[in-house]
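Overview (structure and organization)
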Amino acid sequence: MKKRIKDEVIFQDRELMVEENPWNNRITLKLNDEPLKRIDKKTFVYTQDGMEKKIVYGGNKLKGTYITIDDKTIPVFPKQPPYVWPLAILPFLLILILSNIPALGKAGFPLIGGLIGGGISGGLSCLSLYVMSMNEKHIWKIFIGLAFIALTILICLLLGLAIVSIFTIIEN
């Protein structure tokens, strides 16, 4: 995720680019496309008017990130809205609840549950939360959450149908 920050008071007509690698959470700060010197994992130093100034990067993807320069805090990425968590957890809960209803299996809607269904739905719930945190538009977050709910149910349904068909073949 990349974000450009312009603050004429702090950076004096220069642009700070904040880049966070989604795979290893490595943070890179560049001032006018020149990488800043890293002191530790979240502290950087740049020179302005012959003085070294320290930038501290804080927060995380879910609670929001910010940078602090000279006791001034600038938000970088906003915190996640409250509907993201229920949308991310809903696929897991739906599979746990719906797979324990025997009438659905008899009606031709056999969802796989237990360890396999819980693992699939839990993994897709985490992936849903991650993908929603990568997007800034609220409508896309809702769409991504609903798409992961549908994908989870579809995968567990197809696995359930495959298992039922295998046992039907074995019985005959």
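Residues numbered from 1 in each chain as written. Predicted model: local features only at pLDDT ≥ 70, side-chain atom pairs only at ≥ 80, totals over all residues. Heavy atoms only, no water.

1. Here's the deal with the overall build of the protein
Along the backbone of the protein there are five helices and nine strands. Sequence-ordered secondary structure for the protein, helices as α and strands as β, is β-α-β-β-β-β-β-β-β-β-α-α-α-α. Against the 2.2 N^0.38 benchmark of 16 Å for 172 residues, the protein shows a C-alpha radius of gyration of 23 Å, more extended than a compact globule. When each of the 172 residues of the protein is scored for burial, the buried share is 33%. For the protein, the computed accessible surface area is about 10700 Å², with 64% contributed by carbon and sulfur atoms. (Helix = DSSP H or I, 4+ residues; strand = E, 2+ residues; numbered from the N terminus. Rg over C-alpha atoms; globule rule 2.2 N^0.38 Å. Buried < 20%, exposed > 50% of the residue type's maximum accessible area, 1.4 Å probe, protein only. Areas by Shrake-Rupley, 256 points an atom, 1.4 Å probe, with all protein chains shown as cover.)

2. Regarding helix α4 (residues 114-134)
The end-to-end C-alpha distance of α4, which contains 21 residues, comes to 30 Å, matching closely the 30 Å that a straight helix rising 1.5 Å per residue would cover. Residues of α4 that are buried: Gly117, Gly118, Ser121, Leu124, Ser125, Ser128, Leu129, Met132 and Ser133. (Expected span 1.5 Å × (residues − 1).)

3. Describing helix α5 (residues 138-171)
Its 34 residues place the ends of α5 50 Å apart at the C-alpha level, agreeing with the 50 Å of an ideal helix rising 1.5 Å per residue. Residues of α5 that are buried sit in contact with α2 (84-98) and α4. (Contact = heavy atoms within 4.5 Å.)

4. Quick look at a nonpolar patch on the surface
The grouping of Trp85, Ile89, Leu90, Phe92, Leu93, Leu96, Ile97 and Ile101 at the surface amounts to a nonpolar patch, some 650 Å² of accessible area in total. By the secondary structure assignment, isoleucine 101 is in the loop between α2 and α3 (102-106). (Patch = residues over 30% accessible without salt bridge, like charges linked within 9 Å, V, L, I, M, F, W, Y side chains within 5 Å. Salt bridge = Lys/Arg side-chain N within 4 Å of Asp/Glu carboxyl O.)

5. Quick notes on the nonpolar core
The nonpolar side chains of soluble globular proteins are, as a tendency, buried together. One finds Leu16, Leu36, Ile55 and Ile67 to be the most contacted residues of the largest nonpolar core, which totals 16 residues. Mapped by element, the contributors of at least two residues to this core are β2 (15-20), β3 (27-31), β6 (43-48), β7 (51-60), β8 (64-69) and β9 (72-77). Ranked by size, the runner-up nonpolar core spans 15 residues in total, among them Leu87, Ile95, Leu129 and Leu157. (Core = buried A, V, L, I, M, F, W, Y, C linked by side-chain atoms within 4.5 Å.)

6. Some points on the environment of proline 102
Residue position: proline 102 is located in helix α3. A relative accessible area of 58% places proline 102 in the exposed class. In the structure, proline 102 is positioned 78 residues away from asparagine 24 in sequence and 43 Å away in space, judged by C-alpha atoms.

7. Brief notes about the packing of α4 against α5
Taken N-terminus to C-terminus, the directions of α4 and α5 make an angle of 160°; their axes are 10 Å apart at the nearest point. Between α4 and α5, the angle falls in the class roughly antiparallel. Between α4 and α5 lies a crossing whose hand is right-handed. Packed against α4, whose contacting residues are Ile116, Gly117, Ile120, Ser121, Leu124, Leu127, Ser128, Val131 and Met132, the element α5 presents Lys141, Ile144, Gly145, Phe148, Leu151, Thr152, Ile155, Cys156 and Leu159 at the interface. Taken together, the residues of the contact of α4 with α5 sort by class into twelve nonpolar, five polar and one charged. (Axes fitted to C-alpha atoms, helices over the stretch in contact; angles between N-to-C directions. Parallel < 35°, antiparallel > 145°, perpendicular 65-115°, else oblique. Left-handed = near helix turned anticlockwise from the far one by under 90°. Nonpolar A, V, L, I, M, F, W, Y, C, P; charged D, E, K, R; others polar.)

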